[in-house]
Amino acid sequence: MSVLLALLILVEVLPIVWLVLQSFKQSSEFSLHPVWSLPSGLYWQNWKTAWTTGHIQTYFKNSVLATFPSLLLMIILGLAAAFALEVMKWRGRNAVLFLFLGGILIPLQMVLLPLFTVYFHVHLINSLWSLIITYTAFGLPLTVVLMAGYFRAVPREILEAATLDGANIYNAFFRVALPMVTNAILTVALVQFFFIWNDLLFSLTFISDDSKRTIQTGLLNFAGQYGQVDWGPTFAAVSMTVLPTLVLYLVLNQRVMKGLTSGSLKG
């Protein structure tokens, strides 16, 4: 078992290590040495070139401006909807929950042309708002369904006791329910973060202005004319894309693991 685990870790970690090491090679090393060879030194010029000449700093900023407002809207709306659907009792709530569940099944490719047409007529093409609206809309169904499951695990006795003590529905939501699903919120937010940060389809469709591109579409600029690629800066740019998500996951790993299991337990 330990051998299998070590093999899985090696398979997952080795490509990232190889990627970072390639970013420190000079251009001549890619043609003169095998792809698995180590760099002769730490050639930091690749990272500088990718950050400035390759405009990674602009693409990185655009990704941040598109990702975090989308996450904020998605989590706020998703928490409110999930609490209303799972905790509050009202007619038709199961039907509404099934509608959100159906939203997960909609293929992304099917809505590209209608969305492009709508954004074109309201002048949102080449605007980060087109991405924020789209990410929020497509992430909301999964957020609602997942958070409804986590709210289902909150003991009703606690909510009833809070109500008997005089808490209204808003106090029960903010002071009782939310603190009990904090790890779940981080888990859902991290899942949605990876989806938004790594998106290529929507960004490539709605954004053509180079100054508004996100980091995933910006990486396409590193392929030159006739497919020529300067591999050193390209590997540095990809490393800048991958490493922040990896560091974020490592920082939140323990809370994410707790969030993944909290929805399966009652109480």
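What counts and how
- Residues numbered from 1 in each chain as written.
- Predicted model: local features only at pLDDT ≥ 70, side-chain atom pairs only at ≥ 80, totals over all residues.
- Heavy atoms only, no water.
- Helix = DSSP H or I, 4+ residues; strand = E, 2+ residues; numbered from the N terminus.
- Contact = heavy atoms within 4.5 Å.
- Areas by Shrake-Rupley, 256 points an atom, 1.4 Å probe, with all protein chains shown as cover.
- Core = buried A, V, L, I, M, F, W, Y, C linked by side-chain atoms within 4.5 Å.
- Buried < 20%, exposed > 50% of the residue type's maximum accessible area, 1.4 Å probe, protein only.
- Phe/Tyr/Trp six-rings, centres within 6.5 Å; stacked < 30°, edge-to-face > 60°.

A. Region of the structure containing the overall build of the protein chain. Counting secondary structure elements, the protein chain contains 13 helices and 0 strands. Ordered by position in the sequence, the α and β elements of the protein chain form the string α-α-α-α-α-α-α-α-α-α-α-α-α. Along the first, second and third principal axes, the C-alpha atoms of the protein chain reach 75 × 55 × 30 Å. The long-range share in the protein chain, meaning contacts at least 24 apart out of those at least 6 apart in sequence, stands at 74%. For the protein chain, the accessible area works out to roughly 15400 Å², and carbon and sulfur atoms hold 71% of it.

B. Fine view of the nonpolar core. In terms of nonpolar packing, the biggest core is built from 28 residues, with Ala50, Ile56, Leu131 and Phe206 touching the most fellow members. Secondary structure elements with two or more residues in this core: helix H3 (45–51), helix H4 (56–86), helix H6 (112–121), helix H7 (128–152), helix H10 (182–197), helix H11 (201–206) and helix H13 (231–262). The leading source of residues in this core is H4, at 5 residues. Among residues more than four places away in sequence, those in contact with Leu131 are Ala66, Ser70, Phe202, Ser203, Phe206, Ile207 and Thr214. Of all hydrophobic cores here, the second largest spans 27 residues; its members include Leu79, Val144, Leu178 and Ile185.

C. Focus on the packing of aromatic side chains. Enumeration according to the criterion identifies 20 aromatic pairs in this entry. Their ring planes at 80° and their centres at 5.6 Å tell us that Phe83 and Phe151 sit as a pair that is edge-to-face. Taken together, the residues span a long stretch of sequence, with Phe83 in helix H4 and Phe151 in helix H7 at a distance of 68 residues. The exposure classification of Phe83 matches that of Phe151, with both residues buried. Ring geometry for Tyr135 and Phe195: centres 6.5 Å apart, planes at 80°, overall edge-to-face.

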